[in-house]
2 protein chains.
Amino acid sequence: MKLKLASSYGFCFGVKRAITIAENYTSSATMGPLIHNQDEINRLKDNFKIGLYTTLEEVKDNDTVIIRTHGIPKDDLKLLKQKDAKIINATCPFVTTPQQIVKKMSQEKYSIVIFGDATHPEVKGVKSYGDDVHTVLEPEDFDKINFKYDRIATVAQTTKKKEKYLEIVNFLILKYKEVRVFNTICDATFENQAAARELSAEVDVMVVIGGKESSNTKQLHDICAENCPDSYLIENHADVDLTWFKNKNICGITAGASTPDWIIQEVVDKIQTI
Amino acid sequence: MKLKLASSYGFCFGVKRAITIAENYTSSATMGPLIHNQDEINRLKDNFKIGLYTTLEEVKDNDTVIIRTHGIPKDDLKLLKQKDAKIINATCPFVTTPQQIVKKMSQEKYSIVIFGDATHPEVKGVKSYGDDVHTVLEPEDFDKINFKYDRIATVAQTTKKKEKYLEIVNFLILKYKEVRVFNTICDATFENQAAARELSAEVDVMVVIGGKESSNTKQLHDICAENCPDSYLIENHADVDLTWFKNKNICGITAGASTPDWIIQEVVDKIQTI
């Protein structure tokens, strides 16, 4: 089996940074999963004693608490600051940007649209910084929305597809006199997506490695499936089914922004046994 | 010959307003042609003694000068104010809006893009209100442009097609972190365009009446030609060629925003002789 890695894949700047921060604070705990990759979280737990809190109530005095890459809602941060805990902020700077934009645009009396998944922690965090903030995934979602103001500002979840973001903002531009479009989609996401698009067009089978909760991994899988119907989303080498490669010549590999190199290597090793 | 008028056509709010203003100031002169329709300008001259200045030097003390519907450049207005003349502003309020946006966005340190014809008086006027202002018609025009700032604000010539404006702003959104999109395309233009699109799809021959210099008339003709290859742009009844209607059953008629009803009626009368 011939293997080919995408020209850009895996860990983005924000994830690398968060892991480096966490490794420097052994015996701390993260507020929510640090990144969307259970294997890497297990590694941090085993090697660096990094714990995991899922609710604020679990935080005890003198704890060192690391804020996850995706950020947390404004009020949670406020409550955390009221506790006698040391707070280490590992929020990706590219996520802090839309948080600050939403805050500023709310102060300037814009209604705000986030293009993203309402249930995703990053989006929940960004949304919490504004007043009249609405989350959409499709132009049809606007049917249910009444904006408070007639000027609209838009941000996107950092891991979304740019083409779809344009659809959303175009809908708004045709309806509103002013639409202030902030392109908060992360370049790293975009680069991984462009590389996945290119590679998936030239292989027989495509393996996308990443957390099942990871938004950017799901986007990568969607992009690959457009070009290569035999595209599989896996979390790690245990998910690899060797029958996928029967009668195939070239296998492409890419990985989401939360997927560490060691997991990718284990997948490569397993496929190479064929 | 069966004739059908578009559900929306002809004079827009700004043109109606400018003509009413002019009719109230007999023996005045307009700075540049009041609207893009020579026949109507002749009528105002004959019936209301409205003269026409093409340069500021022609303005004499005690003159009453009417500013044209498309507006004039900021510096021309300043020079005009220095003369001992009475200034009547007939600039369409929908043109004043992009002028004020360009002024404000320049003050806030945005580079500005006008989607429009650089040679059109409206665009020249709007452009004059800003500092780093660039005029484009196609995304390729950006190749030659170096923006002074990294935040972009955009306005459109009031008579342009919305679909093309989206192309321009989409190009910018993919490249810049913030694009502040002002939809300054006039609803009246849009309504005339939508009605022309609908009507041209159901007729054999289409007649578009308007000034040859009129941007919105040319747009109407382009839209009609997409649906109906036998679409003709004429200024008045004298341009009608009766051979166009040979072997045709239904003729659609629309008119640009500067075309008065009496010119449309003369065209209708001529075609109805068939």
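Check the entry above for the structure.
Cut-offs applied
Residues numbered from 1 in each chain as written. Chains lettered and ligands numbered in written order. Predicted model: local features only at pLDDT ≥ 70, side-chain atom pairs only at ≥ 80, totals over all residues. Heavy atoms only, no water. Disulfide = S-S within 2.5 Å. Buried < 20%, exposed > 50% of the residue type's maximum accessible area, 1.4 Å probe, protein only. Contact = heavy atoms within 4.5 Å. Salt bridge = Lys/Arg side-chain N within 4 Å of Asp/Glu carboxyl O. Polar contact = N/O pair within 3.5 Å; in protein donor to acceptor, adjacent residues only side chain to side chain. Helix = DSSP H or I, 4+ residues; strand = E, 2+ residues; numbered from the N terminus. Axes fitted to C-alpha atoms, helices over the stretch in contact; angles between N-to-C directions. Parallel < 35°, antiparallel > 145°, perpendicular 65-115°, else oblique. Left-handed = near helix turned anticlockwise from the far one by under 90°. Nonpolar A, V, L, I, M, F, W, Y, C, P; charged D, E, K, R; others polar. Pairing = 2+ DSSP bridges. 1 Å grid on protein atoms, 1.4 Å probe; cavity = no way out; pocket = protein on both sides within 12 Å on 5 of 7 lines; lining within 4 Å. Points joined across faces, edges and corners; volume = space filled by probe spheres on them.

Colleague: Any chance you could explain the state of the cysteines here in plain terms?
Modeller: Simply put, the disulfide is a covalent bond whose two ends are the sulfur atoms of two cysteines. Residues and elements named next belong to chain A. All chains considered together, the criterion is met by zero disulfides over all chains. Left without a disulfide partner, Cys92 is nearest to the cysteine sulfur of Cys12, which lies 5.9 Å away. The class for Cys92 is buried, based on a relative accessible area of 7%. Of all cysteine sulfurs, the one in Cys224 lies closest to Cys228, which takes part in no disulfide; the gap is 7.5 Å. Assessed through its relative accessible area of 2%, Cys228 is described here as buried.

Colleague: Would you mind showing me how to read the interface of chain B and chain A here?
Modeller: Frequently, the measure chosen for interface size is the accessible area that the parts lose on association. Listed per partner, the contact involves 17 residues of chain B and 17 residues of chain A. Summed over the shared surface of chain B and chain A, the result is two salt bridges. Between A:Arg180 and B:Glu178 there is a salt bridge; the shortest N-O distance is 2.7 Å. At the junction of chain B and chain A, the tally comes to ten residue pairs in polar contact (both at pLDDT 80 or more). Secondary-structure elements contributing two or more residues to the side of chain B that touches chain A are α6 (162–175) and β9 (178–182) of chain B. Looking at the side of chain B that touches chain A element by element, the count peaks at six residues for α6(B).

Colleague: Looking at this structure, how should I read the packing of helix α1 (residues 13–23) of chain B against helix α2 (residues 38–48) of chain B?
Modeller: Pairs of packed helices are described in terms of their axes, by the angle between the two and the distance that separates them. Residues and elements named next belong to chain B. In the contact formed by α1 and α2, the axes pass within 11 Å of each other and the chain directions differ by 20°. Classified by the interaxial angle, the pair formed by α1 and α2 is roughly parallel. Crossing of α1 against α2: the hand is right-handed. Between α1, through Ile19, Ala22 and Glu23, and α2, the contact on the second element is made entirely by Glu40, Arg43, Leu44 and Phe48. Along the lines of polarity and charge, the residues of the contact of α1 with α2 split into four nonpolar, no polar and three charged.

Colleague: Just to check I follow, could you spell out the sheet that holds strand β12 (residues 250–255) of chain B for this structure?
Modeller: Neighbouring strands of a sheet are bound in pairs by backbone hydrogen bonds; such pairs are parallel or else antiparallel. All names here are of chain B. Spatially, four strands are ordered β1-β12-β10-β11 in an open sheet, and the strand pairing comes out parallel. Of all the strands in the sheet, the pair left with one neighbour each is β1 (2–5) and β11 (231–234). Neighbour to neighbour, the strand axes of the sheet diverge by 25° on average, direction disregarded. Here four bridges tie strand β10 (residues 205–209) to β11, and the two strands are oriented parallel to one another. Within the sheet, the bridge partner assigned to Ile209 lies in β11 and is Ile234. Docked against the sheet, helix α8 (residues 215–227) engages β10, β11 and β12, running at close to 165° with respect to β11.

Colleague: Looking at this structure, I do not really get the layout of surface pockets. What am I missing?
Modeller: Any empty space left between the atoms is revealed when a probe the size of a water molecule rolls over them. For the largest pocket, the calculated volume is near 390 Å³. As for the largest pocket, its lining consists of 20 residues, and the residues nearest its centre are B:Arg68, B:Thr119, B:His120, B:Pro121 and B:Lys124. Within the lining of the largest pocket, the residues separate by chemical class into six nonpolar, eight polar and six charged. As a volume, the second largest pocket reaches approximately 230 Å³. Element by element, the count of residues in the lining of the second largest pocket is highest for helix α4 (residues 93–107) of chain A, at four residues. When the residues that make up the lining of the second largest pocket are grouped by side-chain class, the tally is six nonpolar, three polar and four charged.

Colleague: Got a minute to help me understand the pairing of strand β12 (residues 250–255) of chain A in this structure?
Modeller: Residues in a regular strand point their side chains to alternate faces of the sheet. All names here are of chain A. In terms of burial, β12 is a largely internal element, five of the six residues being buried. Here strand β10 (residues 205–209) pairs with β12 via five bridges, running parallel. Counterpart to Met206 in the pairing with β12 is Gly252.

Colleague: How should I be thinking about empty space enclosed by the protein in this particular structure?
Modeller: Within this structure, the stated rule accounts for five cavities of 30 Å³ or more. Within this model, the largest cavity holds a volume of roughly 250 Å³. In terms of lining residues, the largest cavity is bounded by 23 residues, among which B:Cys12, B:His70, B:Glu122, B:Thr158 and B:Thr159 are the most central. For the lining of the largest cavity, the secondary-structure elements that each account for two or more residues are α1, α4 (93–107), α7 (187–200) and α8 of chain B. Examining the composition of the lining of the largest cavity, we find that three residues originate from one element, α1(B), more than from any other. Classifying every residue of the lining of the largest cavity by side-chain character gives ten nonpolar, twelve polar and one charged. If you add up the space inside the second largest cavity, you get close to 210 Å³. If you trace the second largest cavity, you find 20 residues lining it, with A:His70, A:Glu122, A:Thr158, A:Thr159 and A:Asn216 closest to the centre. For the lining of the second largest cavity, the per-class residue count stands at seven nonpolar, twelve polar and one charged.

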